[in-house]
Structure formats: C-alpha cells, structure tokens
Amino acid sequence: MDPLSLIVLGALAVIIAVILSLGLRGPSASAKAARQAEAERRAAEPVSTEPGSRGEGAGASGAGDDAEPAAPSATGEHLSERPAETPTAPATRLGRLRARLAKSNSALGRGLLALLSRDTLDEATWEEIEDTLIMADLGVDTAGELVEALRERVRVIGTRDPETVRELLREELIRVVDPSMDRELAVAGPDGEPAVVLVVGVNGSGKTTTVGKIARVLVAEDKDVVLGAADTFRAAASEQLTTWGERVGVETIRGPEGSDPASVAYAAVEAGKGSGADVVLIDTAGRLQNKRGLMDELGKVKRVATRPLSEGHRIDEVLLVLDATTGQNGMKQAQVFAEVVDITGIVLTKLDGTAKGGIVVAVQRELGVPVKLIGLGEGADDLAPFTAEGFVDALLEG
Ligand SMILES: Nc1nc2c(ncn2[C@@H]2O[C@H](COP(=O)(O)OP(=O)(O)OP(=O)(O)O)[C@@H](O)[C@H]2O)c(=O)[nH]1
C-alpha cells in the first residue's frame, strides 16, 4: 500500500472512531442538565401572556343597551381532552406560601419585636413602633390605636418578658386584622345554579392571573368551572385566560377584541348554566380612564350577566383585585371601584413583593370588606386563602 493510501485509511479510521464514540455516549451530561432545567423552568413558569395558538371565538355581537341582552354569541372552547395539570394539594400549597409570606414581611415582624424587647420602652420607642407600622401601610389611625392598646396592656401586666410581649403584639395585630370577618368565597349558587364570581380591578393588578389561580383551586376541589373572558379590551387577556383554563381543563367563553363585555359575561353564565357548572368566573377589563365609564361598563356587566339565571339570583361574589405594592394609590383605586360596584371580597396580589403587609388592614377598614385571598407569586398555585391568624403568625415568624 502506498503512503497516500495509508494516510487516507488512517484518517477514515479516526473519523469512524469519533462518530462511533459520539453515538454511543449519547447526549452529554450538560445537555441533560439543560433539558432538566428547562423542564423545571416550564413547570414553575407562570402562564404566558402571549397570544396562544387558538383562534378567537366567533363574535359577541354586543349586548346593545342593557334592556335586552344581545343573543350570546361569544364562543366557548369546549375541552374534551384531559386537563394538562393537577393543581397542588391545598396543604402543600399553604405551607409553601406561608413561608413566602413570612420571608417578604420578616423585616416588619423582626423590627417590631426588636423594638419591643429594648431595655426601656420609652416614648421614643413607642413612636418608633408606631412609625414602623405606618411604614408597613397599616394606616395612621390603626397604627395609633394598636400602639395605644399594646402600651396599655404592657403597662397593666407590668412584665417585659419577650415571650409575653410577643404574644400581646400577636393578639393586637390579629385584632386589627379582624378574625371575625367572613372570608369564605361565595361559590355555591342557589338551586343547582352556578355561582357567579365577578373579578374587577385596574389593569395589571393581577385579575386574569387571579381568575386562573381561583379556577385551579376550585378544580382541585372537584368543582365544575366556566371562565368568562369579559376583558375584551385587550386581546391577549382572553388568550391568557384561555391558557389558564386549558391547563386545568375548563371551558373559556370569549369574544373578539373590543366586543361588549356584558355580552361575553352573559354568554359565560348561560354556558355555565347549560353545562351544570358549579361556578362561573368572569374576568373584566376595568380600565380606570374615568369613573363614569367604569360605572357604565361594570354596572352593565353586573346587570346583564345573571339574566340567564332565575329571578333574583344576583352576582354571588364581586372580588376586587388590588396590587399590594401600590400603597396609597391602590387605596384610591379601591375606593373608586367600591363606589361603582358592591365589592364583597378583596384579593391582595403581589404580597410576595412587598414588606407592606399592613395594607391588608387599611383596605379592609376603608372598604369594610374582608381580604379573602392573597397572591404570593406569579406561579399557578401561588394563591392562598387569607386568615387573620395565619397572616399575623407569618409576619412574626420571619
Ligand atoms: N409577584 C406576583 N406577581 C403577580 C401576582 N399576581 C399577578 N402577578 C403578575 O402581575 C402581572 C399582571 O397580571 P394580570 O393577571 O395580567 O393582570 P390584569 O389585572 O389581568 O391586567 P389587564 O389584563 O391588563 O387588566 C403578571 O405579570 C402576573 O404574573 C402575585 O401575587 N405576585
């Protein structure tokens, strides 16, 4: 064999050996790790707000004036396949969320306890305690009341034992959060009719996400749910809601962008009644361009939505979704919504992103309506029922 043939043969042997070794080794460890990480990321990621692959439903033609609802023409997405996901069991979810709440509010709890365990509880220290509560958005009056009551009890008991003082603080905080409020969601309709839950709030407060999260909780409780995408102002909102629905296998009724929200709400309730659903959850746009416009829009949705139901069956629950990070601004928005619709419960979102948990107390006092649920993250199961004790314990645990 001449030298040239030897070189060619040698090169071929090397190439074959390399190809074989690659084939036998399979994907590299780092590629596997990347796939694993991608799978974990997907499992944990919030629902995309990007338009999905499904097309819009046929048009909701608009309810016209609210004397006579238009023929409901928003088209539902009947889901025959099995739901893509099973929501996390409540016990697991709550344990995780409690830890998250404790983390976001730990500075507040720690700050208060540190102040209360100072050697001397003088005027300046009590003022600092009051300021700390005000900084946490508790509201000036409530902070003053709480400090007054705590001060009096510490004086009467005459002890500075840290455990006792901590317990007194816990009791006073629970008192202002008000454990006597009824925080059950009204999700049982009368006489076999679906309960209708309307979700309102300003853009970006987390309405659509909250509707999706509530649907998951209800599905986990074995309830049949229909979603109504009455946020027709933003096309992506309908897509986003449909995606949430698909994930847990519930039907979403929607209309084209710009169609009448009242018509979509009507169609959703009609579909819910027709299919024997337990709950119809209606997402709204709630643009706050002016109070008159908002009043017209939400007032009409409220009036028209329950027409497919029996006489006298009104909306069972109107949930106001408020972004906890918006502080005083959020409170002003809450007041406007409260004037426009009768709010029956508050969902405080994004409590994971703020140490200002005191807003819970401020908004309840201002509106006279209980906080029923809290949002503690963008993930699908990051919604928790609110309890006064649970909230305060998480606050003081940090
Ligand atoms: N960190 C955190 N983010 C949240 C929470 N709830 C919602 N979000 C995020 O807030 C953003 C707005 O949520 P949406 O549900 O689209 O808000 P919306 O009120 O429906 O907004 P519009 O459709 O524009 O009216 C999204 O990025 C959500 O993932 C929460 O509890 N914690």
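Residues numbered from 1 in each chain as written. Predicted model: local features only at pLDDT ≥ 70, side-chain atom pairs only at ≥ 80, totals over all residues. Heavy atoms only, no water.

Peer 1: Which residues make up the overall build of the protein, and what values go with them?
Peer 2: Each helix and strand counted, the protein has 14 helices and 9 strands in total. Here the protein holds 398 residues, and the buried ones make up 47% of them. Summing over all exposed atoms, the protein offers an accessible surface of approximately 18500 Å²; the carbon and sulfur share of this is 54%. (Helix = DSSP H or I, 4+ residues; strand = E, 2+ residues; numbered from the N terminus. Buried < 20%, exposed > 50% of the residue type's maximum accessible area, 1.4 Å probe, protein only. Areas by Shrake-Rupley, 256 points an atom, 1.4 Å probe, with all protein chains shown as cover.)

Peer 1: Mind laying out the site of the ligand, listing which residues take part and the relevant values?
Peer 2: Contacts to the ligand come from 20 residues, most closely from Thr208, Thr209, Arg234, Asp352 and Glu378. The contact in question runs from a nitrogen atom of the ligand to an N or O atom on the side chain of Asp352, over 2.8 Å. Leu376 places a polar main-chain atom, nitrogen or oxygen, 3.4 Å from an oxygen atom of the ligand. Protein contacts shield 83% of the accessible area of the ligand, which totals 660 Å² for the unbound molecule. A per-element tally of the shell around the ligand places helix 8 (residues 207-220) first, with 4 residues. (Near = heavy atom within 4 Å. Polar contact = N/O pair within 3.5 Å; in protein donor to acceptor, adjacent residues only side chain to side chain.)

Peer 1: Summarise the packing of aromatic side chains; cite the residues concerned and give the values.
Peer 2: Counted according to the given criterion, the structure contains 1 aromatic pair. With centroids separated by 5.1 Å and ring planes inclined at 50°, the aromatic side chains of Phe386 and Phe391 adopt a geometry described as tilted. A relative accessible area of 3% means that Phe386 is categorised as buried. On the basis of relative accessibility, which here comes to 5%, the residue Phe391 falls in the buried class. A cation over an aromatic ring shows up here: Arg247 above the ring of Trp244, its NZ or CZ 5.6 Å from the ring centre. (Phe/Tyr/Trp six-rings, centres within 6.5 Å; stacked < 30°, edge-to-face > 60°. Lys NZ or Arg CZ within 6 Å of the ring centre and 35° of its normal.)

Peer 1: Got a sec to walk through the packing of helix 8 against helix 9 (residues 235-248)? Specific residues and values, please.
Peer 2: Close contact between helix 8 and helix 9 brings their axes to 9 Å; oriented N to C, the two are set at 15°. When the axis of helix 8 is compared with that of helix 9, the two are roughly parallel. Along this stretch, helix 8 crosses helix 9, giving a crossing that reads as right-handed. Between helix 8 and helix 9, the contacting residues are Thr208, Thr209, Val211, Gly212, Lys213, Arg216 and Val219 on the first element and Ala237, Gln240, Leu241, Trp244, Arg247 and Val248 on the second. Its residues assigned to classes, the contact of helix 8 with helix 9 shows 6 nonpolar, 4 polar and 3 charged. (Axes fitted to C-alpha atoms, helices over the stretch in contact; angles between N-to-C directions. Parallel < 35°, antiparallel > 145°, perpendicular 65-115°, else oblique. Left-handed = near helix turned anticlockwise from the far one by under 90°. Contact = heavy atoms within 4.5 Å. Nonpolar A, V, L, I, M, F, W, Y, C, P; charged D, E, K, R; others polar.)

Peer 1: Can you break down the confidence of the model for the protein residue by residue, with the values?
Peer 2: For the protein, the average pLDDT comes to 79, and 75% of its residues sit at 70 or higher. A low-confidence stretch, residues 16-65 stays under pLDDT 50, and its non-local contacts, those more than four residues away or across chains, total 66 contacts. Predicted confidence for residues 67-80 stays below pLDDT 50, and this span has 48 contacts to residues more than four positions away or in other chains. (pLDDT = per-residue confidence, 0-100.)

Peer 1: Any details on empty space enclosed by the protein? Residues and values, ideally.
Peer 2: One pass over the full model with this rule turns up 1 cavity of 30 Å³ or more. Counted as a void, the largest cavity has a volume near 80 Å³. Forming the walls of the largest cavity are 13 residues, and the residues nearest its centre are Leu138, Leu173, Gly358, Phe391 and Leu395. Elements that contribute at least two residues to the lining of the largest cavity include exactly helix 7 (162-177) and helix 14 (388-397). Looking at the lining of the largest cavity residue by residue, the class counts come to 11 nonpolar, 2 polar and no charged. (1 Å grid on protein atoms, 1.4 Å probe; cavity = no way out; pocket = protein on both sides within 12 Å on 5 of 7 lines; lining within 4 Å. Points joined across faces, edges and corners; volume = space filled by probe spheres on them.)

Peer 1: Go over helix 9, please, and point to the residues and values.
Peer 2: Here helix 9 contains 14 residues, and its C-alpha end-to-end distance of 21 Å stays within 8% of the 20 Å for a straight helix at 1.5 Å per residue. Within helix 9, 11 of the 14 residues are buried, leaving the element largely enclosed by the surrounding structure. Residues Ala236, Ala237, Ser238, Glu239, Gln240, Leu241, Thr242, Trp244, Gly245, Arg247 and Val248 constitute the buried set of helix 9. For helix 9, the secondary structure elements touched by its buried residues are helix 8, strand 3 (225-230), strand 4 (251-254) and strand 5 (279-284). Of the residues trailing helix 9, Gly249 is marked for its positive phi of about 75°. (Expected span 1.5 Å × (residues − 1).)

Peer 1: Residue-level account of helix 6 (residues 140-157), with values.
Peer 2: Compared with an ideal rise of 1.5 Å per residue, which puts 18 residues at 26 Å, helix 6 spans 26 Å between its outermost C-alpha atoms and is within 8% of the ideal. When helix 6 is considered as a whole, its buried residues turn out to be Thr142, Ala143, Gly144, Leu146, Val147, Leu150 and Val154. With its phi angle positive at about 70°, Gly158 sits one or two positions after the end of helix 6.

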